[in-house]
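Residue-level listing of the chains:
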Amino acid sequence: MSLQSRHRADLAARLGGQVPPSAGFTAHARVRALARLQAMGLPHGRDEYWRYTAPDLLNGPAPSLGAQHPQGQLGAALNPLVLTFCDGVFDAAASSDLALAGGQIALLSRAQTDLHFAQDIYGSLEERGQTPVARPFAALNTALAQEGVLLHITGKVVRPILLNYVAKSDNCDVMLHHCIKMDAGAEASILEQGGLGARGNLVIEADLAQGSVLHHIRSQTSDDAALAVTHLFARLHGDSALKSFTLSAHGRLIRNETVIELLGDHASAHVAGASLIAGPDHHDDTVFITHQGRACESRQVFKNVLKSGAVGVFQGKILVRQSAQKTDGYQISQSLLLDGDSQFLAKPELEIYADDVKCSHGSTSGAIDETALFYLQSRGIARAQAQALLVLAFMAEATQEIANPDLAEEMRAQIEMVLQRARL
Amino acid sequence: MLEIKNLHVKLQEEDKVILRGVNLNIGAGEVHAIMGPNGSGKSTLSYVLAGREGYEVTEGSALLQGAELLDMEPEERAAAGLFLAFQYPVEIPGVGNMTFLRTAVNAQRKARGEAEISSGDFLKLVRERAKTLKIDADMLKRPVNMGFSGGEKKRNEILQMAMLEPKMCILDETDSGLDVDAMKLVSEGVNALRDAGRSFLVITHYQRLLDHITPDVVHIMAGGRIIKTGGPELALKVENNGYADLLAEVGA
Ligand SMILES: Nc1ncnc2c1ncn2[C@@H]1O[C@H](COP(=O)(O)OP(=O)(O)OP(=O)(O)O)[C@@H](O)[C@H]1O
Ligand SMILES: [Mg+2]
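**What about the overall build of chain B?**
Broken down by element type, chain B carries ten helices and ten strands. A compact globule built from 252 residues should have a C-alpha radius of gyration of about 18 Å, and chain B, at 18 Å, falls within 12% of that. By principal-axis analysis of the C-alpha atoms, chain B measures approximately 60 × 40 × 35 Å. Split into buried and exposed, the 252 residues of chain B put 53% on the buried side. Here chain B has roughly 11000 Å² of accessible surface; of this, 47% comes from carbon and sulfur atoms. For chain B, the separation between the mean place of its 29 positive charges and that of its 36 negative charges on side chains is 4 Å.

Structure follows, in structure tokens:
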């Protein structure tokens, strides 16, 4: 069988006769997404973009749930507006009222009008993100996702919006698709926590108008066996800013893709990730940032702590178009290997067509500093705690990307908790 | 306080023997000094007592107030009251000096079954002790020993000692890299901690430190052994004549 026909056979099996809903404002986008998907097929281990992360587990049947690691509500002190999704289904009883000062919230499952604010977003940022690299799981999500949050932020929203995921059933395949429209000058914080489902496929499309600011913090640490693919597609207009941070731990296979287009001038995108992975788990951060506007800034900061046969992958690209003079691009991916068995695979890429730019990238892999560990222990600090201090220090450049100091502190506390729990 | 008996140590990875039967007895409240040529095993002795990896004890024991140090993890040795001021203090990027000090103080309190120190009390204590060592607020804020000068690192060691209030303090060449004024500060810091329940083992190459911190006993170490023990006059003799005579005396 040719690669092409194998792709198609895999896809037919994966779709299993599911067809996109044919009514509502997303109908057209779904038909187009399905056509895209059929043209590209599901990812295959031989695809260049999947060279370091075998997609087999993502193509097969959804697994059973693993051990769950529930956590307290993220940002509880900030009184977040909570939207809970249980195995991908909105749980009204475990959610706040959908009323938001400074914006509008709707659910994908209930927003069937044709004049919806999300109409220009749903599937369209994802579609733009399909070139130059295919992202089949995102197209699959656009075609089939039944639920998600549609957010229209018109002003400065103080309350964070917490998307709370709960995984309850074995073998449950969950797709959620969120759209975020940020009006000019608007500001919001989106928090995500929990496990989408036994296997999750999440797409977020965010459109940031002039001068808007979006904070995004994700804690992905709840299930030992979870499989998850997430895509964050963001389009940034002039002077807008995106700050995204993800903490990952415990999942069996997680791939987080971030695709950002800096369209306007003086926009800024920061993407950070902190992952704690113990074998046989596999974690993948894949980032593609396109600089189109002038004098934009982008930062990618990814830190992996790996142990006992874990694999960490970083694929990060900065594409600077000819128009993007005065670009300031920074990328760092680092791994801390707690033993000799683990692997960190990094593929940093720069593609630059403008001549007046500042771009730097670096990638390192290193072991824990035994001398520092002994020094801390000699002062009475137990080895595990000493190691946690060194891990937090290693993670600091990533956790510093969280603007809110309370949330940053919560993430550091979670890192310590994972270290204790996983005895990393 | 500290009782070292016939301690033999080799490197774990190599066949190199470094300590060849060290015997040392330090009573409560006493100050002992160890001098000796480069490479004689002084730092190795202090590392082995503190529990650093990479060494293998082939024979002997080291009791701290009757408890076998060699069976303990490094952090347990610290909790038992041992403190080593390092010859080369370690830089730790990303870990704030304050966080480090507070974590250490609380870890030891916990090990002793005491409650954690409140942030207020801790701050007051650090500021007060840092001031007497002329350690400024900026040094406390920076990551552990990062960007500290040689002398600042040594003063930071003494600050840690002052905060942890150990029973048995080993100072490994704390005087090296100190200017005359810093030497005085550090000595005053040490002297302020001298009391009947606390002992010191001061490793040094120079009489100068011992002018400030008067030892009760002076040991000369060579080739991994204590080859001579005497009073403060022994240090003066070394200062004036070097080690040649002493080595000849014992036929080393
Ligand atoms: N980890 C090690 N690997 C190899 N050699 C070592 C190691 N530790 C100690 N040694 C060797 O053991 C001997 C004793 O070293 P040590 O540092 O204890 O000497 P010292 O008396 O403290 O010397 P100095 O006065 O120069 O500080 C030296 O020859 C040194 O090279
Ligand atoms: Mg030495």
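There is more to say after this.
**Considering the confidence of the model for chain B**
On average, chain B scores 92 in pLDDT, and the residues at 70 or more come to 99%. For this predicted complex, the interface confidence score (ipTM) comes to 0.95, while the overall pTM stands at 0.90.

**Some details on the site of ligand 1**
Residue and element names in this part refer to chain B. Neighbouring ligand 1 are 15 residues, the closest being Gly-39, Lys-42, Ser-43, Thr-44 and His-205. Within the side chain of His-205, one N or O atom sits 2.9 Å away from an oxygen atom of ligand 1. Here ligand 1, which alone exposes 640 Å², has 65% of that area covered by the protein. Looking at side-chain class alone, the shell around ligand 1 contains four nonpolar, eight polar and three charged residues.

**Overview of helix 9 (residues 233-241) of chain B**
Residues and elements named next belong to chain B. Residues of helix 9 that are buried include every one of Leu-234, Ala-235 and Val-238, and no others. Across the axial projection of helix 9, the buried residues extend over an arc of 100°, all falling on one side. Facing away from the buried surface of helix 9 by more than 90 degrees, the exposed residues are Glu-233 and Asn-240. In this fold, the buried residues of helix 9 make contact with strand 3 (31-35), helix 8 (207-212), strand 9 (217-222), strand 10 (225-230) and helix 10 (244-249). Residue Gly-242 follows helix 9 closely and has a positive phi angle near 75°.

**A look at the coordination of the magnesium ion (ligand 2)**
Residue and element names in this part refer to chain B. All of the protein donors around the magnesium ion (ligand 2) are Ser-43 (OG) and Gln-87 (OE1); their distances to the metal are 2.0 to 2.2 Å. On the criterion of sequence distance, the pair formed by Ser-43 in helix 1 (residues 42-50) and Gln-87 in the loop between strand 6 (82-85) and helix 3 (97-111) is long-range, its members being 44 residues apart. Across the pair, Gln-87 and Ser-43 agree in class, each one buried.

**Quick notes on the packing of aromatic side chains**
Centre-to-centre distance and the angle between the planes together describe a pair of aromatic rings. Under the criterion given, the structure shown has nine aromatic pairs over all chains. Ring geometry for Tyr-375 of chain A versus Phe-100 of chain B: centroids 5.8 Å apart, planes at 20°, classification stacked. Taken together, the residues span two chains, with Tyr-375 of chain A in helix 6 (residues 370-377) and Phe-100 of chain B in helix 3. Assigned by exposure class, Tyr-375 of chain A and Phe-100 of chain B land together as buried. Here the aromatic residues Phe-374 and Tyr-375 of chain A together with Tyr-47, Phe-86 and Phe-100 of chain B are joined through ring pairs into a cluster of three or more. Across from the ring centre of Tyr-47 of chain B, 4.5 Å away, lies the NZ or CZ of Arg-52 of chain B, which sits over that ring.

**Let's talk about the interface of chain A and chain B**
Between chain A and chain B, the contact holds 17 residues from the first and 30 residues from the second. Between chain A and chain B, a total of about 1900 Å² is buried, with carbon and sulfur atoms accounting for 69% of that surface. Of all residues in chain A, Phe-374, Tyr-375 and Arg-379 of chain A give up the largest surface area on contact with chain B, accounting jointly for 43% of the area buried on that side. For the interface between chain A and chain B, the tally reads two salt bridges. In this structure, Glu-157 of chain B engages Arg-379 of chain A in a salt bridge whose closest nitrogen and oxygen atoms are separated by 2.7 Å. On the surface where chain A and chain B come into contact, there are nine residue pairs in polar contact (both at pLDDT 80 or more). Among the elements of the structure, helix 6 and helix 7 (383-399) of chain A are those that each provide at least two residues to the side of chain A that touches chain B. Examining the composition of the side of chain A that touches chain B, we find that seven residues originate from one element, helix 6 of chain A, more than from any other. When the residues that make up the side of chain A that touches chain B are grouped by side-chain class, the tally is nine nonpolar, five polar and three charged.

**Some details on helix 3 of chain B**
Look at helix 3 of chain B: 21 Å from first C-alpha to last across 15 residues, which is about the 21 Å you get at 1.5 Å a residue. Asn-97, Met-98, Phe-100, Leu-101, Thr-103, Ala-104, Val-105, Asn-106, Ala-107 and Gln-108 of chain B are the residues of helix 3 of chain B that are buried. Its buried side turned inward, helix 3 of chain B meets helix 6 and helix 7 of chain A together with helix 2 (74-79), helix 4 (119-132), helix 5 (137-141) and helix 6 (150-164) of chain B. One or two residues past the end of helix 3 of chain B sits Gly-113 of chain B, with phi positive at roughly 75°.

**What to know about the sheet that holds strand 17 (residues 311-320) of chain A**
Residue and element names in this part refer to chain A. Strand order in the open sheet formed by ten strands is 3-4-5-7-9-11-13-15-17-19, with mixed pairing between adjacent strands. Since the sheet does not close on itself, it has two edges, and those belong to strand 3 (99-100) and strand 19 (343-352), each with one partner. As defined by bridge partners, strand 17 adjoins strand 19 across ten bridges and the pair is classed as parallel. Counted as the bridge partner of Val-311 is Gln-343 from strand 19.

**Notes on the pattern of salt bridges**
Enumeration over the complete set of coordinates arrives at 32 salt bridges over all chains. Here Glu-370 of chain A ties to Arg-383 of chain A by a salt bridge, and the two come within 3.4 Å at their closest N and O atoms. Placement of Glu-370 of chain A in helix 6 and of Arg-383 of chain A in helix 7 is noted, with a sequence separation of 13 residues between them. Take Glu-370 of chain A: its relative accessible area is 38%, and that puts it in the partly exposed class. Notably, a salt bridge pairs Lys-10 of chain B with Glu-56 of chain B, separated by 3.6 Å at the nearest N-O pair. Pair noted here: Lys-10 of chain B is in strand 1 (residues 2-11) and Glu-56 of chain B is in strand 4 (residues 55-64), with a separation of 46 residues, a long-range link.

**What about the sheet that holds strand 3 of chain B?**
Residue and element names in this part refer to chain B. One open sheet holds the six strands; their spatial order is 6-7-8-3-9-10, and the pairing between them is mixed. Of all strands in the sheet, those with a lone pairing partner are strand 6 and strand 10, marking the two edges. The average angle at which neighbouring strand axes cross in this sheet is 20°, direction not considered. In terms of strand pairing, strand 3 meets strand 8 (residues 199-203) through four bridges, oriented parallel. Within the sheet, the bridge partner assigned to His-32 lies in strand 8 and is Leu-201. Taken strand by strand, helix 1 contacts strand 3, strand 6, strand 7 (168-172), strand 8 and strand 9, and its axis lies near 145° from that of strand 6.

**Observations concerning the pairing of strand 1 of chain B**
All names here are of chain B. As judged from the eight bridges shared by strand 1 and strand 4, these two strands associate in the antiparallel manner. Following the sheet pairing, Glu-3 is matched in strand 4 by Leu-63. Pairing of strand 1 with strand 2 (residues 17-26) involves seven bridges; the strand directions are antiparallel. Within strand 2, the position partnered with Glu-3 by the bridge is Asn-25. In this structure, the hairpin formed by strand 1 and strand 2 is closed by a connection of five residues.

What counts, and at which threshold
Residues numbered from 1 in each chain as written. Chains lettered and ligands numbered in written order. Predicted model: local features only at pLDDT ≥ 70, side-chain atom pairs only at ≥ 80, totals over all residues. Heavy atoms only, no water. Helix = DSSP H or I, 4+ residues; strand = E, 2+ residues; numbered from the N terminus. Rg over C-alpha atoms; globule rule 2.2 N^0.38 Å. Buried < 20%, exposed > 50% of the residue type's maximum accessible area, 1.4 Å probe, protein only. Areas by Shrake-Rupley, 256 points an atom, 1.4 Å probe, with all protein chains shown as cover. Lys, Arg positive; Asp, Glu negative; His and termini not counted. Charge placed at Lys NZ, Arg CZ, Asp CG, Glu CD. pLDDT = per-residue confidence, 0-100. Near = heavy atom within 4 Å. Polar contact = N/O pair within 3.5 Å; in protein donor to acceptor, adjacent residues only side chain to side chain. Nonpolar A, V, L, I, M, F, W, Y, C, P; charged D, E, K, R; others polar. Arc of directions from axis to C-beta. Contact = heavy atoms within 4.5 Å. Donors = N, O, S within 2.8 Å, 3.2 Å for Na, K, Ca; no water. Phe/Tyr/Trp six-rings, centres within 6.5 Å; stacked < 30°, edge-to-face > 60°. Lys NZ or Arg CZ within 6 Å of the ring centre and 35° of its normal. Buried area = accessible area lost by both parts, 1.4 Å probe. Salt bridge = Lys/Arg side-chain N within 4 Å of Asp/Glu carboxyl O. Expected span 1.5 Å × (residues − 1). Pairing = 2+ DSSP bridges. Axes fitted to C-alpha atoms, helices over the stretch in contact; angles between N-to-C directions.

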